[in-house]
Each structure stands twice: as structure tokens, then as C-alpha cells.
Amino acid sequence: MFKEVIKYRDLLFMLTLRDIRIRYKQAAMGFLWAIFMPIVAILAGIIVKKVMAVMSGKPIDSSGILAIAIKVIPWTFFVSSIKFSVQSLVGNANLVTKIYFPREVLPLASIFACLFDLLIAGIALAVILIFTHIGATVYLLWLPVLLIFLVLFTAGLGLFLASANLFYRDIKYVVEIILMFGIFFTPVFYDANMFGNWQTLLLINPIGSILEAINSIVILHKMPNTFWLAYAGITSFAVFILGMEVFHKSEPLFAENI
Amino acid sequence: MNVIEFNGVWKKFRKGERFNSLRDRIPNLLRKKNPANNGMLNDKEFWALKNVSFQVKNGDVLGLIGANGAGKSTALKLLSRIMNPTKGEIKIEGRLSALIEVTAGFHNELTGRENIYLNGTIMGMTKKEIDSKFDKIVDFSGIAEFIDTPVKRYSSGMYSRLGFSVAAHMDPDILLVDEVLAVGDIAFQAKCAQKMRELLNSGTTIMLVSHNLPLIQNLCKRVILLNKGEIIKEGTPDEVIPYYQNIVYGKQEEELKKRILSDSDKVAINTDSLVNISDVLLYNGELKHKTEFRIGEPISIKLNYEAKERIENPIFTIDVIRADGVLCCSSNTKDDNFAIASIDGRGAIDINLGNLNLAPATYFAKISIWDKEMVHPYVIRKNDVFRIQAGGCSGEIKAVFIPEVKWKTTT
């Protein structure tokens, strides 16, 4: 199944380009689109932080706001990737029923297009971080690894949900609701360790452990927790392989069930 | 060498509504589920293909014909791997591409240039390949001027021309064609035909699905006739096409009869006319009712009538009308100077139409009896359907008559 996707890599590239082009062509905001959703999310996060600061009587520190920013960007990548990939097969029904190509490229292309947004937003944030003299450490080398975990996990889930939504059209609505409130169940606006012993519950979600790890290497200049790092890595790979497997197994049924 | 092999292929489809949401599915899980059965049908399923086997050799041009719903498109979809067969196996050697739905990969917001790349890669080309063929594709499509315009601004002709141009430049080993050659204006169609000929000469294996029988006749060496999912005839175009035409005319005849029946129900109110045509016999030689005639076979009609009152100088007319409404011939006793002084009670008239030489199709006879001025018809009967069988002749016949022409060369 990987071989075919690699054979059709040009198609994957073209579809990604299509999704990016359409998004940036239609939106008057152009490239601002990539940072629009993160900015709104960060503003929401600051309000949450402010409320917590008022309650506890401690002022907000700038590193707290930066922590929100660094976690919001991967989170919005995750949310929009899942949102677009769930729809990717049903939204391209005319292709699925008429032309043969490995269908994996459809959800993967929507995820890659979101990865492009992540890149733009990431660059914007990097510039801000440089101005705030946050400083860099050797731990930053973990960043690409964590991003790979994030992409693998997102891709696995996206592939699974895309095929599930093809067979059961209401999956999309279930996913939308979960994504809408998911931000409260994931350590984005707050840190997992604020929950003491309960933090395990938040970190079992691989997105949670990945976000915490990113926060610790970029803002806190610390080596991430090895256990949760390993956990995130293993689950990401497992989810990716599983997602590919399920997708590939159900692929022959797509054309007649769409 | 066989490049395509269909070995006992079956394909099952479902009709009607099906569960496609969790909301429907979850309550249903509680109920006992039927064990999955590959070979059996339940009442909501049907076979789109039944035990279809054929081979195509390298460089062959195979035609696939059949009425709507015969399973042609299903066969092509299985071939292009969009779907998998329920049973049986399909083997394909080499790169396969399909001239089917050539614009399916287009996105309206993108320009022609962007769409060439997008559509090309969807069809299986690499970016490099498209780079090298880009100029040829644009040139072929003839829309170089608009190549940087979003395709949503294209006319429908430009749209499909661009799609066809991309698809035509794929250089496949096996090409599937499904009724797409009728794209664009005459000049573009000539280009397409030229391209097809190039492909034919280059040894590409082609599978052609079309209702255009002359095209099948000209291009294909072998034709397969599908009907209701089964191969019912395979052979040269000359053998298979007449067979197919007979099926089509048979269907037409059924439809025509149905239509006539429903029509005669409507006009049944004024049956209390002075004359009734009680019985009509179509025959040749022997006095036996026939509904199928060969081309050039003499046709005679015998009609029995019953007049309730005495009618002076009635006029009998006979029209032969093709299923699509074309009046093929018309005669009446007045113009033929066959005077009938009067009719009263039961009687019969015999009409010998001779060798009409009608082309293969479905026809019906319209028989009517008029008053002497031909102002008012006493009765009109048009439910006698007959069919001229196709046989040996080529292609689709658009003419009404096939006269027995003698050709010779003179100086």
C-alpha cells in the first residue's frame, strides 16, 4: 500500500497544491488565513489564562502566553487536518467513482495542505519567539521528531475517519463535536502538570503528550518526559499503521458505497 | 499474449436504500445479522455481470456493445480497478488508462494550466511526463489563449476538449474508451479520430464501448455483445452487430406494443362506430400471422371488418409507420383506383404490399376506413406491430428502405 502511494507521489503533490491554491485563491485574506485560526485560539487561551490568574492571585507571565501560542499551532493543525480529511473522500466522490488511483492520497493531501498552514504559522511564531529572546537549546532538535509524530498520528486518524465517514455519513458530525470541545480535554490552554496525579489522563491522548513535549523543548528548555515521549512515538506509529491498514482494506468498497 | 483476462467474473450490486449512517446502523446491530454470502442473492441484490470471461490480446481492438444496463460500464470499472469483482479474477498486463470521464479530475477554481497537471497526475502520469507533453496537450486542445484562465470560465466545449487532450496524451498500453469521441466541433472530432488511428497503428490495445455502431464496425476486429450481464455473442462485427440490432428492435417492439395498448385503452370509448376492424393478419404467402420479416420479404395484410350499417363507397387506407414515427409508405383504395361500392356486415380485404424493402427496424401498420370524401374516418387501427430482422448488413441503418440496387461499372 505504501508502494502505490509513492508511485503516485506526484498526484499527492498536485492534490496538496490544489487544496492550498483553492484555499488561498478564494480567501481574500490570502496567507493571513494560515495564522487567522491560531490567533483567535491564542486570544481565547489568553482569556482562560487571565481568568486562572485572577482566581489564583498570581499575575500572568509571558512564558505562559508563549506556551499557549506554541501549543495552539500544532493543535489547529490537528483540528483542521481531521476536519478536511474526514470529508476528503465524500467530497471527491466524482473522482472516487470514476478514476482509479490509490485513494490514500485524498486524505493525505488534505493533511499536507494543513501542514503547509502549520509551516506558515510556525514561521510567524518563530519570528516572534526570536524577538522575545526566548533562546534556543539543543533540545530543539526534538522538534522535527515531534512533528513527525504529530503528522503520523493525524494521518492515521484522518485515514480511518475518512473511510468511516464514507460508510457512515454521520461520522462527520460526531467528529465535529469532538473537535469543537477537544481543546478542553487537551492540555492546550493549560499545562498537564497543573492536574497533579490526574495528568496521566490528559497525556494518554497522544496529542496531549506531543503538545507537552513541544512546550518543554521550546519554552521550558527541558528534555521532555522520556516515558510520555516514547508513548507518543509508539502510539503515533501504531495509529498510522492501523489507519493505513483499515483504509486499505476498505478501499475496494469505496466506489460502490459512496 | 493476453493483456486483459476476465476469468469468470461476477459482480453484485445492491438496489434501493441502504444504511449509510451510524444512526441507522446501531439499532440494526442488535438484530441478527445474515451471514455474508458471496454466491447468493438476497432480494435487494442483482448481478450486474454474470460469469463473464474473455481475453484481449496485445494490439487487439475489442468492441463492447449492448443495451443500456447490459453491464458494459461495470466491466470497464472493474477493468480500471475502481471496483473489485464479487467473484472471479481479472488480469491486466501493462499501463492502463481510460478515456472515461476525462474531466472528472478538473477543479473549477484552477486555471487550465493547473488543471492539466492535476488531471494528468490523477490519470496516472508523473509531473515530469506532463512537463514534456505540456505543449502538445495545449496545442491539441486548441485553447492556448485561455490556458491561464480558471476553467469555470470555459465553455463546455473547451472544458471537455481540454480533458480529452490530457487523456489522449497518456501513451498507455491498454486504452479504455467509453463514448467520449463525440467531443467538440467537427474539426476537433477529426483530430480525435486522427489520434485514435495513431493509437491503433501504434499497437495499443483498445477496448471500446460505444452505441455508435459504424464506429465499432470500422475500428474493432472483435466485438462482444453483453445483455443483462452476460456475454451472449462474441465474434467479428459483422456477426455480432445484427444480433445486437435484433435485441434492440425486440425491445422497441415491446415498448411500442405497450404504448399502443395504453393508447387503445384511452380511445376505447368510441368503439361504437359504424365499422370495426375485428382482425388483422400480417403474412407472407401462407396465411399465417407473422411479426418478423426478412429484408425484402413480401408483406401482405388481410383485414376482417364488420360494418353495422351499410356504408357507400368506403375508402380503405394503409400506412406503414416506423417506431420513431416516420411514415414510410401510404396507400389508399381511392388513389389506387380500387373502388368498393359498399360494405355491409362482415367482410375481408386483402392488401399485398409486395417487396417493401424496409430497413431493419420496428414498424406498425395503420389501417383505417374512411367515408367517400375522406373527411371522416370510421375506424383507425394501429396496433399491428411487425419487425424487419437485421441480418448480414453493416452498421446502423438510418435509411427507411434498402432497395435492391444493381451496381456495375460502365465506361
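Residues numbered from 1 in each chain as written. Chains lettered and ligands numbered in written order. Predicted model: local features only at pLDDT ≥ 70, side-chain atom pairs only at ≥ 80, totals over all residues. Heavy atoms only, no water.

Caption draft 1: Fine view of the side chain of Thr 204 of chain B. Residues and elements named next belong to chain B. Mapping Thr 204 onto the fold places it in the loop between helix 6 (186–201) and strand 7 (205–209). Looking at Thr 204, the relative accessible area reads 6%, which means it is buried. A polar contact is formed between the side chain of Thr 204 and the backbone oxygen of Leu 199, at a distance of 3.3 Å. Looking at Thr 204, its side chain comes within polar contact range of the side chain of Ser 202, at 3.0 Å. (Helix = DSSP H or I, 4+ residues; strand = E, 2+ residues; numbered from the N terminus. Buried < 20%, exposed > 50% of the residue type's maximum accessible area, 1.4 Å probe, protein only. Polar contact = N/O pair within 3.5 Å; in protein donor to acceptor, adjacent residues only side chain to side chain.)

Caption draft 2: View of the interface of chain A and chain B. If you look at the interface, chain A gives 30 residues, while chain B gives 33 residues. Of the roughly 2,800 Å² buried where chain A meets chain B, counting both sides, 61% is carbon and sulfur surface. Counting the surface chain A buries against chain B, the share from its top three residues, Met 14, Tyr 100 and Glu 256 of chain A, is 20%. Our count for the chain A to chain B interface comes out at two salt bridges. Among the ionic pairs, Glu 114 of chain B bridges to Arg 21 of chain A, the shortest N-O distance being 3.1 Å. Contributions of two or more residues to the side of chain A that touches chain B are made by helix 2 (9–26), helix 5 (93–96) and helix 12 (254–257) of chain A. Counting residues per element, the side of chain A that touches chain B draws most heavily on helix 2 of chain A, at 10 residues. Tallied by class, residues from the side of chain A that touches chain B come to 16 nonpolar, four polar and 10 charged. (Contact = heavy atoms within 4.5 Å. Buried area = accessible area lost by both parts, 1.4 Å probe. Salt bridge = Lys/Arg side-chain N within 4 Å of Asp/Glu carboxyl O. Nonpolar A, V, L, I, M, F, W, Y, C, P; charged D, E, K, R; others polar.)

Caption draft 3: Spotlight on helix 4 (residues 62–91) of chain A. With 30 residues, helix 4 of chain A should reach 44 Å at 1.5 Å per residue; the first-to-last C-alpha distance of 42 Å fits that figure. Most of helix 4 of chain A sits out of view: 23 of its 30 residues are buried. (Expected span 1.5 Å × (residues − 1).)

Caption draft 4: Structural context of the state of the cysteines. With the rule as written, the count across this model stands at zero disulfides over all chains. Cys 329 of chain B carries a free sulfur, and the closest cysteine sulfur to it, the one in Cys 328 of chain B, is 6.5 Å from it. (Disulfide = S-S within 2.5 Å.)

Caption draft 5: Structural context of the domain arrangement of chain B. On domain assignment, one finds that chain B holds domain 1 (2–247) and domain 2 (263–388). A straight line from the C-alpha centre of domain 1 of chain B to that of domain 2 of chain B covers 47 Å. (Domains from an automatic or database assignment.)

Caption draft 6: Layout of the sheet that holds strand 7 of chain B. All names here are of chain B. Ordered by their spatial adjacency, six strands build an open sheet running 5-6-7-3-8-9, and the pairing between neighbours is mixed. Each edge of the sheet is formed by a strand with only one pairing partner; in this case those strands are strand 5 (96–99) and strand 9 (230–235). Ignoring strand direction, the axes of neighbouring strands in this sheet form an average angle of 20°. Summarising the sheet, strand 5 and strand 6 (residues 174–178) pair through four bridges and their orientation is parallel. Bridging across to strand 6, Leu 96 finds its partner in Ile 174. Helix-sheet contacts for helix 2 (residues 72–79) involve strand 3 (61–65), strand 5, strand 6, strand 7 and strand 8 (222–227), and the interaxial angle to strand 6 is about 150°. Across the sheet, helix 6 lies against strand 3, strand 6 and strand 7, angled at about 135° from strand 7, the strand it touches most. (Pairing = 2+ DSSP bridges. Axes fitted to C-alpha atoms, helices over the stretch in contact; angles between N-to-C directions.)

Caption draft 7: Geometry of the sheet that holds strand 4 (residues 87–92) of chain B. Residues and elements named next belong to chain B. The three strands are arranged 2-1-4 in an open sheet whose pairing can be described as antiparallel. Each of the sheet's edge strands pairs with one partner strand only, and the pair in question is strand 2 (45–57) and strand 4. Averaged over all pairs of adjacent strands, the angle between their axes in this sheet comes to 20°, without regard to strand direction. Packed onto the sheet, helix 2 meets strand 1 (2–14), strand 2 and strand 4 and runs at close to 120° relative to strand 1.

Caption draft 8: How the structure looks around the packing of helix 4 (residues 127–141) of chain B against helix 6 of chain B. All names here are of chain B. Running from N to C, helix 4 and helix 6 cross one another at 135°; their axes reach a closest spacing of 10 Å. By the angle between their axes, helix 4 is oblique relative to helix 6. Contacts between helix 4 and helix 6 involve Asp 139, Phe 140 and Ser 141 from the first element and Phe 188, Lys 191, Cys 192 and Lys 195 from the second. In the contact of helix 4 with helix 6, the residues fall into three nonpolar, one polar and three charged. (Parallel < 35°, antiparallel > 145°, perpendicular 65-115°, else oblique.)

Caption draft 9: Representation of the nonpolar core in the model. Ranked by size, the top nonpolar core spans 149 residues in total, and within it Phe 101 of chain A together with Ile 4, Phe 6, Phe 54, Ile 65, Ile 116 and Met 207 of chain B carry the most contacts. Those residues within four positions of Ile 4 of chain B in sequence are excluded, and the remaining contacts are Phe 54, Gln 55, Val 56, Leu 79, Lys 91, Ile 174 and Met 207 of chain B. Counting 33 residues, the second largest nonpolar core, distinct from the first, contains Leu 282, Ile 343, Ala 359 and Val 379 of chain B. (Core = buried A, V, L, I, M, F, W, Y, C linked by side-chain atoms within 4.5 Å.)

Caption draft 10: Seen up close, the packing of aromatic side chains. Residue and element names in this part refer to chain A. Taken as a whole, this structure holds 21 aromatic pairs over all chains when the rule is applied. An angle of 50° between the planes, with centres 5.2 Å apart, marks the rings of Tyr 190 and Phe 195 as tilted. According to the relative accessible area criterion, Tyr 190 is buried, its value standing at 11%. Phe 195 gets classed as partly exposed once you look at its relative accessible area, which sits at 39%. (Phe/Tyr/Trp six-rings, centres within 6.5 Å; stacked < 30°, edge-to-face > 60°.)

Caption draft 11: Region of the structure containing the packing of helix 3 (residues 112–122) of chain B against helix 5 (residues 156–168) of chain B. Residues and elements named next belong to chain B. At a minimum axis separation of 10 Å, helix 3 and helix 5 run at an interaxial angle of 45°. As summarised for this structure, helix 3 and helix 5 are arranged oblique, according to the angle between their axes. Judged by the twist between their axes, the crossing of helix 3 over helix 5 is right-handed. Taken together, the residues of helix 5 that come into contact with helix 3 (itself represented by Gly 112, Ile 116, Asn 119 and Gly 120) are Leu 162, Gly 163 and Val 166. Here the residues of the contact of helix 3 with helix 5 are counted per class, giving three nonpolar, four polar and no charged. (Left-handed = near helix turned anticlockwise from the far one by under 90°.)

Caption draft 12: Region of the structure containing the pattern of salt bridges. All names here are of chain B. Per the stated rule, a full pass over the model turns up 27 salt bridges over all chains. Arg 310 serves as the salt-bridge partner of Glu 312, at 2.9 Å between the closest nitrogen and oxygen. Three or more residues are tied together by salt bridges with common partners; here these are Arg 95, Glu 129, Lys 133 and Asp 171.

Caption draft 13: Geometry of the environment of Ile 99 of chain A. Inspection of the secondary structure puts Ile 99 of chain A in the loop between helix 5 and helix 6 (105–131). In this structure Ile 99 of chain A comes out as buried when scored by relative accessible area, which is 8%. For the pair Ile 99 of chain A and Ala 67 of chain A, spaced 32 residues apart in the sequence, the C-alpha separation amounts to 45 Å. Setting aside residues no more than four positions away along its own chain, Ile 99 of chain A makes contact with Ile 82, Glu 101, Ala 104, Gly 105 and Ile 122 of chain B.

Caption draft 14: Expanded view of unusual backbone geometry. Residue His 133 of chain A is not a glycine yet carries a positive backbone phi of 50°. Tracing the chain through its elements places His 133 of chain A in the loop between helix 6 and helix 7 (142–167). Its relative accessible area of 70% is what places His 133 of chain A among the exposed residues. The phi dihedral of Asn 337 of chain B is positive, around 55°, even though this residue is not glycine. Within the element layout of this structure, Asn 337 of chain B appears in the loop between strand 14 (327–332) and strand 15 (342–354).

Caption draft 15: Expanded view of the confidence of the model for chain A. Confidence in the prediction of chain A, expressed as mean pLDDT, is 90, and 98% of residues score 70 or more. Mean pLDDT values over the elements of chain A span from 85, in helix 3 (residues 32–56) of chain A, up to 96, in helix 7 of chain A. (pLDDT = per-residue confidence, 0-100.)

Caption draft 16: Seen up close, a nonpolar patch on the surface. All names here are of chain A. A grouping of Ile 177, Met 180, Phe 181, Phe 184 and Phe 185 is seen on the molecular surface, where their side chains present a nonpolar patch of about 590 Å² in accessible area. Within the secondary structure, Met 180 sits in helix 8 (residues 171–185). Given a relative accessible area of 56%, Met 180 falls into the exposed group. (Patch = residues over 30% accessible without salt bridge, like charges linked within 9 Å, V, L, I, M, F, W, Y side chains within 5 Å. Areas by Shrake-Rupley, 256 points an atom, 1.4 Å probe, with all protein chains shown as cover.)

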